[in-house]
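# Fold and contact review
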Amino acid sequence: MTSAEVLDIASAGIWTLIIVAAPMMIVGLLVGVLIALFQALTQIQEQTLVFVPKIIAIFLTMLITLPFLGATMGGYMTRVVDMIVVGF
């Protein structure tokens, strides 16, 4: 296995990480912005108000996107195993 192949695996791994984490991060960002807007409009400055809706939204997003996330990570793992098998 050459250094170029190792860099290809690392690059694909980083892109897979970004693709897998993106749905939860985007939903967390959107929920956080909406709650911050709600807090600014109503003058409610409760610190715990942010965490519960954000956790629930991220959990629901993870449940909904779980098949996509599994397929993405499975595809990456298949590519890595294929490269290992071909390399030896």
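Up top is the structure these notes are about.
The text that follows walks through the structure, step by step, so that each part is easy to find. Note that the coordinates shown come from a computational prediction; the quantities given were computed from them, not determined experimentally. (Residues numbered from 1 in each chain as written. Predicted model: local features only at pLDDT ≥ 70, side-chain atom pairs only at ≥ 80, totals over all residues. Heavy atoms only, no water.)

### Topic: unusual backbone geometry
Non-glycine residue Gln43 carries a positive phi angle of around 65°. The exposure class assigned to Gln43 is exposed, which follows from its relative accessible area of 65%. (Buried < 20%, exposed > 50% of the residue type's maximum accessible area, 1.4 Å probe, protein only.)

### Topic: a nonpolar patch on the surface
A contiguous nonpolar patch, built from Phe51, Val52, Ile55, Ile56, Phe59, Leu60, Met62, Leu63, Ile64 and Leu66 and spanning about 1000 Å² of accessible area, is present on the exposed surface. Mapped onto the fold, Met62 is located in helix H2 (residues 51-87). Classification of Met62 by relative accessible area gives partly exposed; the value is 36%. (Patch = residues over 30% accessible without salt bridge, like charges linked within 9 Å, V, L, I, M, F, W, Y side chains within 5 Å. Areas by Shrake-Rupley, 256 points an atom, 1.4 Å probe, with all protein chains shown as cover. Salt bridge = Lys/Arg side-chain N within 4 Å of Asp/Glu carboxyl O. Helix = DSSP H or I, 4+ residues; strand = E, 2+ residues; numbered from the N terminus.)

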